[in-house]
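# Architecture and fold: a report
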Amino acid sequence: MMERKLTILYGSQSGTAQDLAEQIWRESKMYFFRGNVLPMDEYDVSELIGERFVVCVCSTYGQGEEPDNMKRFWKFLLRKSLPNDSLQQVHFAVLGLGDSRYPKFNYVAKKLHKRLLQLGGSALLPVGLCDDQHDLGYGAVFLPWINQLWDELGRIVPLSAGTHKLPESPREFRWQVDIAKEEHVTKDISPDGIDLYADVKMPNGFQTVVAENRRTTAAEHFQDVRMITFEKKAVPWCSGDVLYVRPHNSKESVDQLFEIFHQHEFGLDKQTCVQVKAIDSEMPVPSILQKPLPLVAIAEQYWDLTAIPRARAFAVLAKNCSNELEREKLIEFSRYEGQEELFAYANRPRRTILEVLLDFPHATKSLTLEALFELFQPIKPRAFSIASAVESGKLQILVAVIEYKTKLSVPRRGLCSHWLKDLQPGNMVNAWVRKSTFQLPADNKTPLVMIGPGTGLAPFRGILQERELSETPASAPLVLFFGCRSSTADFHCEEDLKRMEQSGMLQLFCAFSRDQPDKVYVQHLIKKEGMLLKKLLIENGGYVLVSGSSKNMPQAVKEALIEAIGDAQHIEKMIQTNRYQEETWA
């Protein structure tokens, strides 16, 4: 029988591609495949020539960029010196994760698929294009795609006579987890003092201290927006760059988790130390979990207690559930056929994993330590545009604190924004800086038209501050369309913007949507400025930068610009030549 080896590689920015790659790895065990699951940059790419079956899962973020942990791998594949038949015995499949609101939807997966074909590889199946915008999330494409993958592999390397696919994966869990022996636990660590990520070196990573955390909206305004100032560190950044932080769960969530453990008599408390061990080399333990750790540190810094659970979590809960009714429901949520029901139960009301544990008490009662590490997703880092220039001596971000109602009685809260809101001056924070997806013109005489409603203002405030503080004041026209609800409630950075306007450096157009009976948004103001915009964009080759919510705003702005300058083709050409750029977020 031919060796059944399947190598699974992922490029993941926020962790979702990793989750799906691990799911493929787990299922591969039902078909008796062996093989590693690794970030692309941790795989020795020179070994690719010798592989027979490879699955690549990769996300696209920003303006069609590949994730950090696949950059080296991708650079190697692009080498001109690689012969066109180098991968001729490789059968590959590429699954992409993207968001169809972005012009370069799933760009990375499409490019990778094409390049592997160019190098002589043969595709097991068409590239799978998962869309975050689909009502059923990534599962809508992923679940049928993975079934097709097993069918295709089964055709090429059928199981030997008398061997059948296993009913469930023998590797249900990634790792073995034990309660650590007393003598292995360092006595002098108080759980409060543990920083799980202290030794994780990020490119451009640093520790900084909160200098100020100030609310920028009026006290009576429904939305709490914060300008958070960190002490400037020796890490350089450029206008529009992005600060990444990894939040912690709130004390309330952590307490609620241990209350659930207590109710079900798990015999686990905050001080219980656990040791996570690899079962084999295919699924190594992440460096941060390699030493014995008190559960409270894992609950606070590693498990995302506010995440909306995916299908996989319901499969884990169903595993040893003794209650027939609960088990049936959980199995339904974990299957492709039940994705609409899952969406209505979990995604639409934004139900958290802790709330799910309360809804399924019998399933929760049967959980083990191993299962907990499958059930909870790791906390993912969050990104914020830097709202200040290096020259200001401060690193600042503008954060809208997320809180809203759904049909559930408890308001939904953004994990990271609430963690940031509660930071006090003097608190230490681990952070790292990444390049912005905005690429500013090299010549600072090129006009910039910036459109940033709400906290979309952040990168533009950084750009403007840099121009204001630079030795050579900008001679280029700088135009900003800013939108908020009210000139008195949520006009962020009002003082700065008015000062820049008065000095003649900036032309400012403000849309205060609720200050008059008719709602006025940035797109309404854009439509009125046809003469100015034609001059800046058509005659003077200016750039358009759009920042803010990815919901309806980017499309409305694009339509308003086309109407203002009366030339849809010119806007399309600007997009093609990267003179029209968007940095938006959900």
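On a predicted model such as this, the values are computed, not experimentally measured, just so you know. Every residue gets a number counted from 1 within its own chain, in the order that chain's sequence is written. Given that this is a predicted model, residues contribute local features only at a pLDDT of at least 70 and side-chain atom pairs are listed and counted only at 80 or more, while totals for whole chains, interfaces and linings are drawn from all residues. Hydrogens and waters are ignored; side-chain quantities use all the structure's heavy atoms.

## A look at the UniProt feature "domain: Flavodoxin-like" (unreviewed entry) in the chain
- Those residues carrying the UniProt feature "domain: Flavodoxin-like" (unreviewed entry) are residues 6–150 in this numbering.
- Helix and strand definitions here come from DSSP, where helices need a minimum of 4 consecutive H or I residues and strands a minimum of 2 consecutive E residues; each element is numbered from the N-terminal end. Annotated as residues 6–150, this span is 30% helix and 20% strand, and its ends, taken at the C-alpha atoms, are 11 Å apart. UniProt positions are given in the numbering used here, feature names are shortened, and annotations may be inferred rather than shown by experiment.

## Description of the side chain of Thr229
- Mapped onto the elements of the fold, Thr229 is located in strand E9 (residues 225–231).
- In terms of polar contacts, Thr229 uses its side chain to reach the side chain of Gln396, at 3.0 Å.
- Any two residues whose heavy atoms approach within 4.5 Å are treated as being in contact. With sequence-adjacent residues up to four places away left out, Thr229 is seen in contact with Val209, Val210, Ala211, Glu212, Lys394, Leu395 and Gln396. Polar contact is the term for a pair of N or O atoms within 3.5 Å; when the atoms are in protein, one must be able to donate a hydrogen and the other to accept it, and sequence-neighboring residues count only if both atoms are side-chain atoms.

## Things to note about the environment of Arg72
- Summarising the element assignment, Arg72 is placed in helix H2 (residues 71–77).
- Here the alpha-carbon distance between Arg72 and Met40, two residues 32 residues apart in the chain, equals 8.0 Å.

## What about the sheet that holds strand E18 (residues 448–451)?
- Pairing within the open sheet is parallel, and its 5 strands lie in the order E20-E19-E18-E21-E22. If you trace the sheet from one side to the other, it starts and ends with strand E20 (506–512) and strand E22 (580–585), each paired once. Each strand axis lies, on average, 10° off the axis of its neighbour in the sheet, ignoring direction.
- We treat two strands as partners when DSSP finds at least two bridges between them. Examined bridge by bridge, E18 and strand E19 (residues 478–484) share 4 bridges and lie parallel to one another. Bridge pairing in E19 places Ile451 opposite Phe481.
- On the sheet, helix H15 (residues 494–502) packs against E19 and E20 and is oriented at approximately 135° with respect to E20. To obtain an axis, a line is fitted to C-alpha atoms, over the contacting stretch when the element is a helix, and the angle between two such axes runs from 0 to 180 degrees between their N-to-C directions.

## Brief notes about the side chain of Gln581
- Note that Gln581 resides in strand E22.
- Think of it in three bands: with a 1.4 Å probe and only protein chains considered, a residue is buried below 20% of the maximum accessible area for its type, exposed above 50%, and partly exposed in between. Gln581 gets classed as buried once you look at its relative accessible area, which sits at 0%.
- In this structure the side chain of Gln581 is engaged in a polar contact, spanning 2.6 Å, whose partner is the backbone nitrogen of Gln439.
- The contacts of Gln581, once residues within four sequence positions are left out, are Thr437, Phe438, Gln439, Tyr543, Val544, Leu545 and Val546.

## Regarding the nonpolar core
- Residues belong to one nonpolar core when they are buried, are Ala, Val, Leu, Ile, Met, Phe, Trp, Tyr or Cys, and are joined through side-chain atoms within 4.5 Å. Formed by 82 residues in total, the largest nonpolar core has its most connected members in Ile24, Val57, Leu149, Leu289, Tyr302, Trp303 and Leu375.
- The leading source of residues in this core is helix H4 (residues 139–156), at 7 residues.
- Boundaries of every domain are those given by an automatic assignment or by a domain database. Counting the residues that make up this core, at least three belong to each of domain 1 (6–156) and domain 3 (251–375).
- Residues Val225, Ala387, Leu464 and Met500 belong to the second largest nonpolar core, which totals 26 residues.

## Examining the packing of aromatic side chains
- Aromatic pairs are defined between Phe, Tyr and Trp rings, using the six-membered ring for Trp, whenever the two ring centres lie within 6.5 Å; interplanar angles under 30 degrees are classed as stacked, those over 60 as edge-to-face, and all others as tilted. The tally for this structure, following the rule as stated, stands at 16 aromatic pairs.
- When the centroid spacing of 6.2 Å and the interplanar angle of 75° are considered together, the rings of Trp175 and Phe373 count as edge-to-face. Taken together, the residues span a long stretch of sequence, with Trp175 in strand E7 (residues 175–179) and Phe373 in helix H12 (residues 369–375) at a distance of 198 residues.
- Residue classification places Phe373 among the buried positions, given a relative accessible area of 3%.
- Grouped by ring-pair contacts, the aromatic residues Trp175, Trp303, Phe373 and Phe376 constitute a single cluster.
- The ring of Phe33 is capped by Arg4, whose NZ or CZ atom sits 4.4 Å from the centre of that ring. Comment: the charge-over-ring label is applied if NZ (Lys) or CZ (Arg) is within 6 Å of the ring centre and within 35 degrees of the ring normal.

## Describing the sheet that holds strand E17 (residues 428–434)
- Spatial ordering of the open sheet is given by E13-E10-E17-E8-E9-E14, a layout of 6 strands whose pairing is antiparallel. With one partner strand each, in any of the chains shown, strand E13 (382–385) and strand E14 (394–400) form the two edges of the open sheet. Mean inter-strand twist for the sheet, computed between neighbouring axes without regard to direction, equals 40°.
- Looking at chain direction, strand E8 (residues 205–215) and E17 are connected through 5 bridges and run antiparallel. Looking at E17, one finds that Gly205 is bridged to Trp432.

## Thoughts on the domain arrangement of the chain
- When cut into domains, the chain gives domain 1 (6–156), domain 2 (205–245 + 380–434), domain 3 (251–375) and domain 4 (448–584).
- Opposite the 4 residues of domain 1 that make contact, domain 4 presents 5 residues.
- Here the buried area means the combined drop in accessible surface, using a 1.4 Å probe, for two parts upon being joined, counting both sides. Carbon and sulfur atoms supply 35% of the area buried between domain 1 and domain 4, which totals about 430 Å² over both sides.
- Sorting the residues of domain 1 by area buried against domain 4 places Gln63, Arg101 and Tyr102 first, and these three jointly supply 87% of that buried surface.
- Definition used for salt bridges: Asp or Glu carboxyl oxygen within 4 Å of a side-chain nitrogen of Lys or Arg. In this assembly, domain 1 and domain 4 are joined by 0 salt bridges.
- In this assembly, domain 1 and domain 4 are joined by 0 residue pairs in polar contact (both at pLDDT 80 or more).
- Across the side of domain 1 that touches domain 4, the residue classes tally to 2 nonpolar, 1 polar and 1 charged. Polar here means any residue outside two lists: the nonpolar Ala, Val, Leu, Ile, Met, Phe, Trp, Tyr, Cys and Pro, and the charged Asp, Glu, Lys and Arg; Gly therefore counts as polar.

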